[in-house]
Each structure stands twice: as C-alpha cells, then as structure tokens.
Amino acid sequence: MNMYLKLYGWLWEAFGMEEFSLREFSSIFPSPQAKKVVHDLVSDGYLDRIERGQYTVKEPHVFVSEIVKGNLDKERIIEKAERKYAFCGSDAVSIWTDGYYFTGFTRGFKPIHIEVLEKDLKYWREFFKKNDVEYVVEGESRTLFGLTYVLHPRNKIKVEKKDGTPVVPLKETIKFCKENELTYQPALEYLDNQYKLGLFEDYHHITH
C-alpha cells in the first residue's frame, strides 16, 4: 500500500467530511512539505480543493467510484495509437455481430483483446504505461482486473474495417466462434444469418 493511500485513510479518520485548511493539515500531520503533499493528494484524487487553501477529503465511496470510472474511461485510448492493431477474440465477435453478442467479461474484469505485431510490443508497453492503462501480454501471469487491454502478439496480422473499426477478418472470427461453440453458438447463428454462410439449417437462438 503506498504512502498516500495510507494517509488518505488517516485524513478521513481525522477530518471526515469537514472542510480543512493547509494549516490544519500541518497541525495534525507534521510535514516539511505540507503544501506539496496536499497538492499531490488533490492531483491523485484523494482530496477536493474547495477554494484556495481549503480542502475536503474525498468520500470513500466516491473515491472508489472515480477509480473505476477513470479506468473505464480509457476504453477508446487505443484510437490514439500509432501502430497497427486489430480487435480479435470476443471483441471481434461483438464487432462483427454489430454488438448483438458480447461476452468474455466478469463484474471485475473487462478485457479488450487486440492483435498487435510482435515487433511493436515495446511500443505498446510504453503506450499503455504512458496513458496509465492496464494491459497484459497474452501468456503473462498476473492478477487481472478492470478494463485491461490483452495484447496478442503476432508475426503478421490481417486487418479489416467494420464500420471504421480495425478488426480481424470475419473468417478468423467465425473460426474463433467454432472453436468455442458452446459459448458462441448464438453469435455463429447471427453471423450465419447476416452473411449467408450456410452453417445452419435451423436457428435456436435467433429468429430470421
């Protein structure tokens, strides 16, 4: 646990929802750099500046909600990237089914799967770190949470555009669905109906 998070706990213990000044902060928390510490606490979202020199502690439930919102707000950061990529896996399914079918997430983990060139991995690591975005490279072992970009490195990737969105080809998406048919049967039926693929005679999950 970092120092500021611990200090946040004690700030809430000391002030609760009461407004306080920089002088009051210093009287309770001796610090040679009180002004800088308070500035950092405001920047990191632990405190709210009410007016010049006056602050309140962020309520815990608001603080937590803002952490989650800040993470989810990074969903479209990929549009700023300057390297080739394509949505794949469950995200490709969602794109090719026009949002009809989406899965592969939990209440605490919302992955975004993209194929990237293996030679560009260094760029992608720096890109996500610079933008404070959670990411993981396929095969890495770590605890996954929140909105996380999952990078699937490839020697080469094929990219098509679906309504302006870079995505792996429909053929690859259908293959992915077939390999995971128990989960993606409804998506396969939608794609079959939409693109006249001739995969099924009857549908169990959609209507014509």
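Notes on the structure follow.

Reading the values: rules and limits
- Residues numbered from 1 in each chain as written.
- Predicted model: local features only at pLDDT ≥ 70, side-chain atom pairs only at ≥ 80, totals over all residues.
- Heavy atoms only, no water.
- Helix = DSSP H or I, 4+ residues; strand = E, 2+ residues; numbered from the N terminus.
- Rg over C-alpha atoms; globule rule 2.2 N^0.38 Å.
- Lys, Arg positive; Asp, Glu negative; His and termini not counted.
- Charge placed at Lys NZ, Arg CZ, Asp CG, Glu CD.
- Buried < 20%, exposed > 50% of the residue type's maximum accessible area, 1.4 Å probe, protein only.
- Contact = heavy atoms within 4.5 Å.
- Axes fitted to C-alpha atoms, helices over the stretch in contact; angles between N-to-C directions.
- Parallel < 35°, antiparallel > 145°, perpendicular 65-115°, else oblique.
- Left-handed = near helix turned anticlockwise from the far one by under 90°.
- Nonpolar A, V, L, I, M, F, W, Y, C, P; charged D, E, K, R; others polar.
- Patch = residues over 30% accessible without salt bridge, like charges linked within 9 Å, V, L, I, M, F, W, Y side chains within 5 Å.
- Areas by Shrake-Rupley, 256 points an atom, 1.4 Å probe, with all protein chains shown as cover.
- Salt bridge = Lys/Arg side-chain N within 4 Å of Asp/Glu carboxyl O.
- Pairing = 2+ DSSP bridges.

**Some details on the overall build of the protein chain**
What the protein chain contains, in helices and strands, is 8 helices and 9 strands. What you see for the protein chain is a C-alpha radius of gyration of 23 Å, clearly larger than the 17 Å of a compact globule of 208 residues, by over 25%. C-alpha extents for the protein chain along the principal axes are approximately 75 × 40 × 30 Å. Positive and negative side-chain charges of the protein chain, numbering 30 and 33 respectively, have mean locations separated by a distance of 7 Å.

**So, the side chain of histidine 152**
Considering the arrangement of structural elements, one finds histidine 152 in strand β7 (residues 146-154). Given the relative accessible area of 11%, histidine 152 is considered buried. Apart from the residues within four sequence positions on either side, histidine 152 is in contact with Cys88, His113, Ile114, Glu115, Val116 and Glu138.

**Description of the packing of helix α5 (residues 89-96) against helix α8 (residues 181-195)**
Viewed as axis vectors pointing N to C, α5 and α8 meet at an angle of 40 degrees, and their least axial separation amounts to 10 Å. Relative to α8, the element α5 lies oblique. Handedness of the α5/α8 crossing: left-handed. Residues Ser90, Val93 and Trp96 of α5 touch α8, and the partners they reach there are Tyr184, Ala187, Tyr190, Leu191 and Tyr195. Tallied by class, residues from the contact of α5 with α8 come to 7 nonpolar, 1 polar and no charged.

**Some details on a nonpolar patch on the surface**
Residues Val64, Val68 and Leu72 make up a contiguous nonpolar surface patch of about 230 Å² in total accessible area. Along the chain, valine 68 turns up in helix α4 (residues 60-72). Valine 68 sits in the partly exposed class, given a relative accessible area of 44%.

**Things to note about the pattern of salt bridges**
In the structure shown here, the tally under the stated rule is 12 salt bridges. The partner of glutamate 66 in a salt bridge is lysine 58, with the nearest N and O atoms 3.1 Å apart. Residue classification places glutamate 66 among the partly exposed positions, given a relative accessible area of 39%. On the accessibility criterion, lysine 58 (7% relative accessible area) is buried. If you follow the salt bridges from partner to partner, you end up with Asp48, Lys58 and Glu66 in one network.

**Topic: a negative patch on the surface**
A cluster of like negative charges, contributed by Glu18, Glu19, Glu24 and Glu51, occupies part of the molecular surface. With respect to the secondary-structure elements, glutamate 19 resides in the loop between α1 (3-15) and β1 (20-21). Residue classification places glutamate 19 among the partly exposed residues on the basis of a relative accessible area of 41%.

**Things to note about the pairing of strand β2 (residues 47-51)**
Across 4 bridges, the pairing between β2 and strand β3 (residues 54-57) is antiparallel. Residue pairing across strands places glutamate 51 opposite glutamine 54, the latter belonging to β3. Count of turn residues in the β2/β3 antiparallel hairpin: 2 residues, of which glycine 53 carries a positive phi of about 80 degrees.

**Section: the sheet that holds β3**
On the basis of which strands lie adjacent, the open sheet formed by 3 strands has the order β1-β3-β2 and antiparallel pairing. Since the sheet does not close on itself, it has two edges, and those belong to β1 and β2, each with one partner. Here α1 sits on the sheet and contacts β1, β2 and β3; the angle it forms with β3, its principal contact strand, is near 105 degrees.

**Side note on the side chain of glutamine 54**
Checked against the element boundaries, glutamine 54 lands in strand β3. In this structure glutamine 54 touches Glu19, Phe20, Ser21, Asp48 and Arg49, once residues within four positions along its chain are discounted.

**Focus: unusual backbone geometry**
Its identity is not glycine, yet aspartate 132 carries a phi of approximately 55 degrees, on the positive side. In this fold, aspartate 132 is placed in the loop between α6 (121-130) and β6 (134-137). With relative accessibility at 60%, the residue aspartate 132 sits in the exposed group. Although it is not a glycine, lysine 196 sits at a positive phi angle of roughly 50 degrees. Tracing the backbone shows lysine 196 in the segment after α8.

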